Amino acid sequence: MSTQKYDVRSVDVAVVGGSLAGCATAIRFSRMGHRVAVFEKKAVTEDSYKRLCTHFVQPHAVPLLDGLGLAHLREPGWSVATKAVFVTPGGVVETPGGYDPGQPDSYALNLERRVLDPAVREAARKQGVQYLEGTGVESLEEDASGWTLDTRGADGPRRYRARLVVAADGRRSRLAGLLGNPTESRPNERAVLFGYFTGIEAPEGNRSVFVMNDRDLACTYPLVGGRTELVLFAEKSRVDNWRGEERLERFLEYFDGLEATPSMAGAVPESPLLGYTDYPSQIRRPVLGSVPFVGDAALSLDAMSGVGCGFALQSADLLARSFAGRSLDEAGLRAGLADYRERFESTILPHADGICGDSLVGKDEATRQRMFTTICRSPELSQKYLALTGRMVQPAEFQQAFMRGLMSQRAGAARK
Ligand SMILES: Cc1cc2nc3c(=O)[nH]c(=O)nc-3n(C[C@H](O)[C@H](O)[C@H](O)COP(=O)(O)OP(=O)(O)OC[C@H]3O[C@@H](n4cnc5c(N)ncnc54)[C@H](O)[C@@H]3O)c2cc1C
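Below is a short write-up of the structure. This is a predicted model, so every value here is computed, not measured.

1. Side note on a positive patch on the surface
No. 1: A cluster of like positive charges, contributed by Lys41, Lys42, Lys50, Arg172 and Arg174, occupies part of the molecular surface.
No. 2: Relative to the helices and strands, arginine 174 is located in helix H3 (residues 174-179).

Structural data, given as structure tokens:
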């Protein structure tokens, strides 16, 4: 490849994609002393943010903000510390207690993307990362000493060299296409609609309430400034014909018809309803050749699980840990990538099957009711269920606890 007509710039790590996973990766590699550039194809202004996200950050990911210089986002004014309450067909599952700032993985955060996205970009720049907005990576090629990336931005084409390239370019990952990382797609049988409102009373303790209603999930999230986000994951056929001006009315009527949510009588919309009708889960390999994939580029699951932001931060964390203390020479790269693949496959990937299973609406209702009745009867199992949905424990650990709980409840019933 000729480099004559290009002014070639050189970095240690080129991160493709400048959203959550990309910025988190860049900050961590820069802190290790590497020269890092982030390429973001969109033109980004100071307050640009991802709108199609309901920004519930699960407990496992809350402590990861600290390592990015974003500990302040846990404070009131930036986000709302919250805990999940699940209203299930077998009863209510809720997390007891208040909020202990010294134990950041004991609660979730309603952290809006309008706050998080500018903050993580700013943290990357402060850390010394070169953030190249409006610069898309169009192609890349590997040789014995690293990668050549061809980019296009407002100033035209530019060529960069890097030892390590990280794919953080989201669920439609161009790098996956260019490098041949296969995409496994799993169906999602629900659509989502969501919006922001004032005039809805926040539940006591700022709990986020998840109501399993029929085959839908209706969620209320308290936000900063006394606002509320309402989110409905519904069977597609239910919301298909909610159109035009009627849509908002039907949406609010749905929430008003639920016993566990506050009255919608005073609800005033702050924005039009947003959403999607088809959003299959997508699974890719965490490493393809010598390129690691992080965030949605690696795994983009049904948004009903509320895991994408957390997994974006966690995959960046796992990648950084895998390269800690290693150089970016050939041996260091090989070992770091093997380590990352192993960590990703043992920590994040095991959650995919259960989440994809929940995306199907055809589950037998009687079985679901039995399962949640078993969970609700046992405080220990209830806490394990919350730990699973907060991604604090692996699905296998929950399943073992569930089987133990089921057997002891059956034995108890037989003794009576
Ligand atoms: C409706 C909805 C609700 C959601 N709710 C939640 C929730 O409550 N909680 C939660 O944790 N997650 C949620 N998610 C998921 C979450 O939004 C994503 O998982 C998260 O944003 C992924 O971040 P990312 O950085 O990996 O990818 P993205 O945010 O998609 O960023 C990828 C970036 O790469 C850039 N890019 C792409 N190609 C190139 C290229 N060739 N060159 C340079 N740049 C490129 C893009 O412009 C983009 O900025 C939700 C998602 C949806 C759709």
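Back to the text.
2. Some points on the site of the ligand
No. 1: Around the ligand, the structure places 34 residues, and the nearest of them are Ser19, Glu40, Thr54, Asp296 and Cys309.
No. 2: Within the backbone of leucine 20, an N or O atom sits 3.2 Å from an oxygen atom of the ligand.
No. 3: In this structure, an oxygen atom belonging to the ligand sits 2.6 Å away from a side-chain N or O atom of glutamate 40.
No. 4: Protein chains bury 93% of the 1000 Å² of accessible surface belonging to the ligand in isolation.
No. 5: Of all elements in the fold, only helix H1 (20-31), strand E2 (36-40), strand E9 (136-143) and helix H6 (308-323) reach the threshold of two or more residues within the shell around the ligand.
No. 6: By residue number, the principal contributor to the shell around the ligand is H6, which donates three residues.

3. Quick look at the side chain of arginine 113
No. 1: Counting through the fold element by element, arginine 113 comes out in helix H2 (residues 113-126).
No. 2: On the accessibility criterion, arginine 113 (4% relative accessible area) is buried.
No. 3: Beyond its immediate sequence surroundings of up to four residues, arginine 113 is in contact with Ser19, Leu20, Tyr49, Lys50, Cys53, His55, Pro118 and Cys309.

4. Considering the sheet that holds strand E7 (residues 108-110)
No. 1: Strand order in this open sheet of three strands is E3-E7-E4, and the pairing throughout is antiparallel. The open sheet has two edge strands, strand E3 (56-57) and strand E4 (80-82), and neither has a second partner.
No. 2: Direction of pairing for E3 relative to E7: antiparallel, over a ladder of two bridges. Across the sheet, residue valine 57 finds its bridge partner in E7, namely leucine 109.

5. Digging into the environment of methionine 407
No. 1: Turning to its location among the elements, methionine 407 is positioned in helix H11 (residues 395-415).
No. 2: Separated by 33 residues in sequence, methionine 407 and threonine 374 have C-alpha atoms that sit 10.0 Å apart.

6. Topic: the packing of helix H10 (residues 379-389) against H11
For any two helices packed against each other, the geometry comes down to the angle between their axes and how far apart the axes lie.
No. 1: Viewed as axis vectors pointing N to C, H10 and H11 meet at an angle of 160°, and their least axial separation amounts to 10 Å. What the angle tells us is that H10 and H11 run roughly antiparallel. For H10 against H11, the interelement crossing comes out left-handed. Seen from H10, the contacting residues are Glu380, Leu381, Lys384, Tyr385 and Leu388; seen from H11, they are Pro395, Glu397, Phe398, Ala401, Phe402, Arg404 and Gly405.

7. Overview of the sheet that holds strand E19 (residues 281-283)
No. 1: With antiparallel pairing, the three strands of this open sheet are ordered in space as E12-E19-E22. This sheet does not close on itself; its edge strands, each paired only once, are strand E12 (184-186) and strand E22 (299-300).
No. 2: Bridge count between E19 and E22: two bridges; the pairing is antiparallel. Its bridge partner being in E22, isoleucine 283 is matched across the sheet by leucine 299.

8. Some details on the nonpolar core
No. 1: If you look at the biggest cluster of nonpolar residues, it comprises 80 residues, and the most contacted ones within it are Leu149, Val165 and Phe293.
No. 2: No other element matches the eight residues that H6 contributes to this core.
No. 3: In contact with valine 165, other than residues within four places in its own chain, are Ala14, Val16, Leu140, Trp147, Leu149, Leu175, Ser290, Val291 and Pro292.
No. 4: In this structure, Phe56, Ala84, Tyr196 and Met212 belong to the second largest nonpolar core, which totals 31 residues.

Reading the values: rules and limits
- Residues numbered from 1 in each chain as written.
- Predicted model: local features only at pLDDT ≥ 70, side-chain atom pairs only at ≥ 80, totals over all residues.
- Heavy atoms only, no water.
- Patch = residues over 30% accessible without salt bridge, like charges linked within 9 Å, V, L, I, M, F, W, Y side chains within 5 Å.
- Areas by Shrake-Rupley, 256 points an atom, 1.4 Å probe, with all protein chains shown as cover.
- Salt bridge = Lys/Arg side-chain N within 4 Å of Asp/Glu carboxyl O.
- Lys, Arg positive; Asp, Glu negative; His and termini not counted.
- Charge placed at Lys NZ, Arg CZ, Asp CG, Glu CD.
- Helix = DSSP H or I, 4+ residues; strand = E, 2+ residues; numbered from the N terminus.
- Near = heavy atom within 4 Å.
- Polar contact = N/O pair within 3.5 Å; in protein donor to acceptor, adjacent residues only side chain to side chain.
- Buried < 20%, exposed > 50% of the residue type's maximum accessible area, 1.4 Å probe, protein only.
- Contact = heavy atoms within 4.5 Å.
- Pairing = 2+ DSSP bridges.
- Axes fitted to C-alpha atoms, helices over the stretch in contact; angles between N-to-C directions.
- Parallel < 35°, antiparallel > 145°, perpendicular 65-115°, else oblique.
- Left-handed = near helix turned anticlockwise from the far one by under 90°.
- Core = buried A, V, L, I, M, F, W, Y, C linked by side-chain atoms within 4.5 Å.

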